[in-house]
Amino acid sequence: MNEHDARDTATTGVAPDRFSEDQLMKELETIHRTRHDTLLHGSDDALRAHNERMAQLEGEYLRRHPRRLVSAGRTREGARERGCADGAAPH
């Protein structure tokens, strides 16, 4: 294995499809918890790696849960209704 291969392996980590459900959720919780700090203080390389890993983990979650429950308030229509209820003009 050359230096480039070793760096790529270290950056990507374990393939998300190899995680159990509990492991995947733990990884997602960790990456979301560290997101803000990485955005504000991480190097460009760290942010790129964080973006790639988050996309991998979230993609795996969505693959496993294509029919996940979506809260009405988290949709565009729900946001519009919330805005009207708060007295804001509809968009």
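Scroll up for the structure.
What you see is a predicted model, and the numbers here were worked out from it, not measured in a lab.

## Points about the overall build of the chain
Secondary structure summary: the chain contains four helices and zero strands in total. Counting helices and strands in the order they occur from the N terminus, the chain gives α-α-α-α. Among the 91 residues that make up the chain, the fraction classed as buried is 15%. In the chain, the proportion of contacts linking residues at least 24 apart, taken out of those at least 6 apart, comes to 60%. Summed over its atoms, the accessible surface of the chain is roughly 7400 Å², and 51% of this surface lies on carbon and sulfur atoms.

## Some thoughts on the packing of helix α2 (residues 21–41) against helix α3 (residues 44–64)
Any two packed helices are characterised by the angle at which their axes cross and by the distance between the axes. The interhelical angle for the contact between α2 and α3, taken along N-to-C directions, is 145 degrees, at an axis separation of 10 Å. Both α2 and α3 take part in a crossing whose hand is left-handed. Seen from α2, the contacting residues are E21, L24, M25, E27, L28, I31, H32, T34, R35, T38 and L39; seen from α3, they are A46, L47, H50, N51, R53, M54, L57, E58, E60, Y61 and R64. Here the contact of α2 with α3 is built from residues that sort into 10 nonpolar, five polar and seven charged.

## What to know about the environment of V14
Relative to the helices and strands, V14 resides in the loop between α1 (3–12) and α2. Taking the C-alpha atoms as reference points, V14 and R53, 39 residues apart in sequence, are found 10.0 Å from one another. Excluding its chain neighbours within four sequence positions, the residues that come into contact with V14 are F19 and R53.

## Re the environment of A15
As for its placement among the helices and strands, A15 is situated in the loop between α1 and α2. Take A15: its relative accessible area is 33%, and that puts it in the partly exposed class. On a C-alpha basis, the gap between A15 and R53 in space is 9.6 Å, while along the polypeptide they are 38 residues apart.

## Concerning the nonpolar core
Here is a general trend for soluble globular proteins: nonpolar side chains tend to be buried in one another's company. Among the nonpolar cores identified, the biggest contains six residues, and these are F19, L24, L28, I31, M54 and L57. Of all the elements in the fold, those that place two or more residues in this core are α2 and α3. Among the elements that make up this core, the one with the highest residue count is α2 (three residues). Not counting chain neighbours up to four residues away, the residues in contact with L28 comprise L57, E58 and Y61.

Reading the values: rules and limits
Residues numbered from 1 in each chain as written. Predicted model: local features only at pLDDT ≥ 70, side-chain atom pairs only at ≥ 80, totals over all residues. Heavy atoms only, no water. Helix = DSSP H or I, 4+ residues; strand = E, 2+ residues; numbered from the N terminus. Buried < 20%, exposed > 50% of the residue type's maximum accessible area, 1.4 Å probe, protein only. Contact = heavy atoms within 4.5 Å. Areas by Shrake-Rupley, 256 points an atom, 1.4 Å probe, with all protein chains shown as cover. Axes fitted to C-alpha atoms, helices over the stretch in contact; angles between N-to-C directions. Left-handed = near helix turned anticlockwise from the far one by under 90°. Nonpolar A, V, L, I, M, F, W, Y, C, P; charged D, E, K, R; others polar. Core = buried A, V, L, I, M, F, W, Y, C linked by side-chain atoms within 4.5 Å.

In short, geometric facts, not functional conclusions.
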